[in-house]
Amino acid sequence: MDQTGVSTETPKSPWGSVAPAAPSCSLADVMSEQLARQLDEENNAFPTLTDPGADLLLSGEDPDTTSDLMLAQMLQMQYDREFDTQLRLEERKFNGDSKVSISFENYRMVHPYEDSDSSEDEVDWQDTRDDPYRAEKPQTTPRKGFTGKGKNITTKHDEVMCGRKNTARMDNFAPEVHVGDGLGMDLKLSNQVFNSLKRHCQSEQRRSARLHDKKEHSTAEQAVDPRTRLLMYKMVNAGVLDNINGCISTGKESVVFHADGGSLEEQPVPDEVVLKVFKTTLNEFKNRDRYIKDDYRFKERFSKLNPRKVIRLWAEKEMHNLSRMKKAEIPCPDVVLLKKHILVMSFIGTDHVPAPKLKDAMLGSDDMRSAYCQVLHMMQQLYQQCNLVHADLSEYNMLWHDSKVWLIDVSQSVEPTHPHGLEFLFRDCRNVSTFFQKRGVSEAMNVYDLFNAVTGLNITVCEEDEAAFIAQIVALEKRNEDHVQRRGKKTFPVATDDGGPPLKPDADD
Ligand code: ADP
Ligand code: MG
């Protein structure tokens, strides 16, 4: 204890209180029940569209029949399907044996892709192998090099034959190359014309592949790939949202949209909401996994999931963290619902204009001082009441609205007992301290005092030696890790009365 210089005199500090004596039954079991209950409570606090009752329209599972809206939608769906069956019969009757058939597809009530929500790998329904419009193969010259007899011999060099063959070969050009109605005429293309056409087509094909590649990339980057669009469309279709208006921000890890709220299971949704779409591109998730794979709350599940599902976990994590913050009455968005990797929450701002980030807000000195006090208080509440460290706290993730600071972007927040939790907190403190000092708030503490004020610890180093300070933080983290390891395989913290982590030495220390 002396080594770390941690004071035990601050009763408020979760790090400073004495761990209770070990109970006689297995601690791991007790904690796991608590954990289950706690996560369950947090989960029940929000309607998520992942449960069958709330799922939108087309899940095909046993639906909840208690909601009138859901019943109406189910009946409508039943009716639509019957209508489509009838339409198919009429289409068949209309076309009969005719070689040219007319499709009634556009009149269907249920669009083909609506049926395929849950399938992870959608079938490309346009994949038709037999093309009835394919031109006949060009006539080939037999091996002997000529056809016909006597005067009527034609060789493979015959100009007319070659020209016709070249015309027919245009059919092998890429489908996006329009060859007009040349194929249907008796058009003779010289070798020279054919070759230059072919070269042009090949270079066009390469160019369009490059463009296409870019387009695919950018849609993926904006996280509105077709699957995400479908989810968003379904939210509008089910009336949860009235309208999706546009994009507020595209960040490294998420895209945020503004939307008009509708209603969810007869509960009103806020008039203005945001949709935070977590990006499904996998490279970003790799950078972030240290926040989640060591978070004991998600550890078990993390190891079993595929990357797409891990991204859903981010959205879920943000939802749980926001709920803890709400309980502690920290100003933050209200969660409306969670659907896969899309989190819908209340909009901080007015009339489609999002509240400015603290970095951009033009605050007078009084407001700036008030903002500082609020942030300090919030950091303490977050740590002591919510048992959380923001882990990405800066002027970019705090909004100024109604003379209050609002905390956002908590998907990466972790508990203080996370193996790097205190280091993350130190980084947060540095951002906050630097920002307010630069903005001329004389009360703004330096990073070390702020860290101690938030945690209730009393880490002291001479002459503001950052390396020594961090070394003490790391030693605390290490001590906590060792403690957890000894206590059992499951790495959740041994909560003290105030929910803090077990940093006091045990009897067996
Ligand atoms: P990222 O992980 O991409 O930084 P954030 O949660 O920080 O995601 O959101 C990005 C931006 O979107 C924020 O800086 C803010 O301007 C805006 N934003 C996010 N949530 C809200 C909200 N609830 N209300 C208003 N604006 C929001
Ligand atoms: Mg952010």
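Scoring rules and cut-offs
- Residues numbered from 1 in each chain as written.
- Chains lettered and ligands numbered in written order.
- Predicted model: local features only at pLDDT ≥ 70, side-chain atom pairs only at ≥ 80, totals over all residues.
- Heavy atoms only, no water.
- Donors = N, O, S within 2.8 Å, 3.2 Å for Na, K, Ca; no water.
- Helix = DSSP H or I, 4+ residues; strand = E, 2+ residues; numbered from the N terminus.
- Buried < 20%, exposed > 50% of the residue type's maximum accessible area, 1.4 Å probe, protein only.
- Near = heavy atom within 4 Å.
- Polar contact = N/O pair within 3.5 Å; in protein donor to acceptor, adjacent residues only side chain to side chain.
- Areas by Shrake-Rupley, 256 points an atom, 1.4 Å probe, with all protein chains shown as cover.
- 1 Å grid on protein atoms, 1.4 Å probe; cavity = no way out; pocket = protein on both sides within 12 Å on 5 of 7 lines; lining within 4 Å.
- Sits in = over half its atoms within 2 Å of the grid points.
- Expected span 1.5 Å × (residues − 1).
- Pairing = 2+ DSSP bridges.
- Axes fitted to C-alpha atoms, helices over the stretch in contact; angles between N-to-C directions.
- Parallel < 35°, antiparallel > 145°, perpendicular 65-115°, else oblique.
- Contact = heavy atoms within 4.5 Å.
- Nonpolar A, V, L, I, M, F, W, Y, C, P; charged D, E, K, R; others polar.
- Phe/Tyr/Trp six-rings, centres within 6.5 Å; stacked < 30°, edge-to-face > 60°.
- Core = buried A, V, L, I, M, F, W, Y, C linked by side-chain atoms within 4.5 Å.
- Domains from an automatic or database assignment.
- Points joined across faces, edges and corners; volume = space filled by probe spheres on them.
- Left-handed = near helix turned anticlockwise from the far one by under 90°.
- Salt bridge = Lys/Arg side-chain N within 4 Å of Asp/Glu carboxyl O.

K.L.:
Whenever I open this one, the coordination of the magnesium ion (ligand 2) confuses me. Can you help?
P.N.:
The textbook angles at a metal center are 109.5 degrees for a tetrahedron of four donors and 90 or 180 degrees for an octahedron of six. Looking at the magnesium ion (ligand 2), the protein donor atoms are Asn 397 (OD1) and Asp 409 (OD), and they sit 2.2 Å from it. With Asn 397 in the loop between α9 (365-384) and β12 (398-401) and Asp 409 in the loop between β13 (404-407) and α10 (421-438), the pair connects residues that are 12 residues apart, well separated along the chain. Exposure class is identical for Asn 397 and Asp 409. Each is buried.

K.L.:
Quick question: what am I supposed to make of the site of ligand 1 here?
P.N.:
As a matter of local geometry, ligand 1 sits amid 15 residues, with Ser 254, Lys 276, Ile 348, Lys 357 and Asp 409 nearest to it. Ile 348 has a polar backbone atom sitting 2.8 Å from a nitrogen atom of ligand 1. Here Asp 409 contributes a side-chain N or O atom positioned 3.0 Å from an oxygen atom of ligand 1. Against a free-state accessible area of 540 Å², the protein chains account for coverage of 91% of ligand 1. More than half of the atoms belonging to ligand 1 lie within 2 Å of the grid points that define the largest pocket.

K.L.:
Honestly, α9 in this entry has me stumped. Any pointers?
P.N.:
Residues three or four positions apart in an α-helix share a direction because the helix packs 3.6 residues into each turn. With 20 residues, α9 should cover 28 Å at 1.5 Å per step; its first-to-last C-alpha distance of 29 Å lies within 8% of that length. Listing the buried residues of α9 in full gives Met 368, Ala 371, Tyr 372, Gln 374, Val 375, Leu 376, Met 378, Met 379, Gln 381, Leu 382, Tyr 383 and Gln 384.

K.L.:
Explain the pairing of strand β7 (residues 272-278) to me, please; I cannot follow it from the model alone.
P.N.:
Residues in a regular strand project their side chains so that they alternate between the two faces of the sheet. Counting buried residues along β7, seven of its seven residues qualify, which places the element largely inside the surrounding structure. Of the two faces of β7, the one holding Glu 272, Val 274, Lys 276 and Phe 278 and the one holding Val 273, Leu 275 and Val 277 are both buried throughout. Two strands pair when backbone bridges link them, and strand β4 (residues 254-261) and β7 are joined in this way by seven bridges, in the antiparallel orientation. Bridged to Val 255 within β7 is Val 277. In this structure, β7 lies alongside strand β9 (residues 342-346), joined through five bridges in antiparallel fashion.

K.L.:
How should I be thinking about unusual backbone geometry in this particular structure?
P.N.:
Across the chain, the bulk of peptide bonds are trans and the bulk of non-glycine residues have phi less than zero. Even without being a glycine, Glu 329 presents a positive backbone phi close to 60°. With respect to the helices and strands, the residue Glu 329 is situated in the loop between α8 (307-327) and β8 (335-339). Even without glycine at this site, Asp 351 takes up a positive phi of about 45°. Relative to the helices and strands, Asp 351 resides in the loop between β10 (349-350) and β11 (353-354). Of the residues examined, Asp 351 reaches a relative accessible area of 61% and is grouped as exposed.

K.L.:
What's the story with the packing of α9 against helix α11 (residues 447-455) in this structure? I'm lost.
P.N.:
Working note: a packed helix pair is described by the angle between its axes plus the distance between those axes. Closest axis-to-axis distance for the α9/α11 pair is 8 Å, and the angle between their directions is 50°. What the angle tells us is that α9 and α11 run oblique. On α11, the residues touching Tyr 372, Leu 376, Met 379, Gln 380, Tyr 383 and Gln 384 of α9 are Leu 450, Ala 453, Val 454 and Thr 455. Across the contact of α9 with α11, the residue classes tally to seven nonpolar, three polar and no charged.

K.L.:
What am I meant to see in the packing of aromatic side chains here?
P.N.:
The geometry of an aromatic ring pair is captured by the separation of the ring centres together with the interplanar angle, meaning the angle of the planes. The final tally for this structure, using the stated rule, is seven aromatic pairs. An angle of 65° between the planes, with centres 5.3 Å apart, marks the rings of Tyr 372 and Phe 436 as edge-to-face. Taken together, the positions of Tyr 372 in helix α9 and Phe 436 in helix α10 put the pair 64 residues apart, joining distant regions of the chain. Residue class for Tyr 372 comes out buried when judged on its relative accessible area of 3%.

K.L.:
So what exactly am I meant to see when it comes to the sheet that holds β4 here?
P.N.:
Two modes of strand pairing occur in sheets, parallel and antiparallel, and in both the strands are linked by backbone hydrogen bonds. Spatially, the five strands line up as an open sheet ordered β3-β4-β7-β9-β8, and their pairing is antiparallel. The sheet terminates laterally at β3 (241-250) and β8, the two strands that pair on one side only. Across the sheet, the axes of successive neighbouring strands diverge by a mean angle of 25°, strand direction being ignored.

K.L.:
I keep staring at the nonpolar core and nothing clicks. Help me out?
P.N.:
Nonpolar side chains in soluble globular proteins tend to end up buried together. In this structure, Met 325, Met 379, Phe 436 and Phe 451 are the most contacted members of the largest nonpolar core, which totals 61 residues. Here the element with the most residues in this core is α9; it accounts for nine residues. Viewed by domain, this core spans two of them, domain 1 (222-354) and domain 2 (356-487), each represented by three or more residues. Non-local contacts of Phe 436, meaning those with residues more than four positions away in its chain, are made with Leu 358, Met 368, Ala 371, Tyr 372, Val 375, Val 441 and Ala 444. Judged by nonpolar contacts, the second largest core, of 19 residues, contains Met 232, Leu 241, Ala 259 and Leu 337.

K.L.:
When you look at the layout of surface pockets in this model, what are you seeing that I'm missing?
P.N.:
Any empty space left between the atoms is revealed when a probe the size of a water molecule rolls over them. Taken as a whole, the largest pocket spans an internal volume of roughly 900 Å³. Lining the largest pocket we find 36 residues, and of these Ser 249, Lys 276, Asn 397, Ile 408 and Asp 409 sit closest to its centre. When residues of the lining of the largest pocket are traced back to their parent elements, those giving at least two are β3, β4, β7, α6 (282-293), α8, β9 and α10. When the residues that make up the lining of the largest pocket are grouped by side-chain class, the tally is 17 nonpolar, nine polar and 10 charged.

K.L.:
Please clarify how the packing of α10 against α11 should be interpreted in this entry.
P.N.:
Running from N to C, α10 and α11 cross one another at 125°; their axes reach a closest spacing of 9 Å. Classed by the angle they form, the pair α10 and α11 counts as oblique. Here α10 and α11 pass one another in a crossing that is right-handed. On α11, the residues touching Leu 422, Leu 425, Phe 426, Cys 429, Arg 430, Val 432 and Ser 433 of α10 are Val 447, Tyr 448, Leu 450, Phe 451, Val 454 and Thr 455.

K.L.:
Which parts of the structure should I look at to understand the pattern of salt bridges?
P.N.:
It is possible for side chains of opposite charge to pair when their charged atoms get near one another. Summed over the entire model, instances satisfying the criterion amount to nine salt bridges. The closest approach of N and O atoms between Glu 415 and Arg 324, which form a salt bridge, is 2.8 Å. Here the residue Glu 415 occupies a position in the loop between β13 and α10, and Arg 324 occupies one in helix α8, the gap between them amounting to 91 residues. Here Glu 415 matches Arg 324 in class, with each residue buried. For Glu 466, the salt bridge is made with Arg 430, and the minimal N-O distance between the two is 2.6 Å. Remark: Arg 430 occurs in helix α10 and Glu 466 occurs in helix α12 (residues 466-487); sequence separation between them is 36 residues. Arg 430 sits in the partly exposed class, given a relative accessible area of 32%. One salt-bridge network, in which partners are shared between bridges, spans Lys 276, Glu 318 and Asp 409.

K.L.:
It is not clear to me how α10 should be interpreted in this structure. Could you clarify?
P.N.:
Under the 1.5 Å per step criterion, the end-to-end length of α10 is 26 Å for 18 residues, consistent within 8% with the ideal 26 Å. A positive backbone phi angle near 80° is found at Gly 440, which sits one or two residues after α10.

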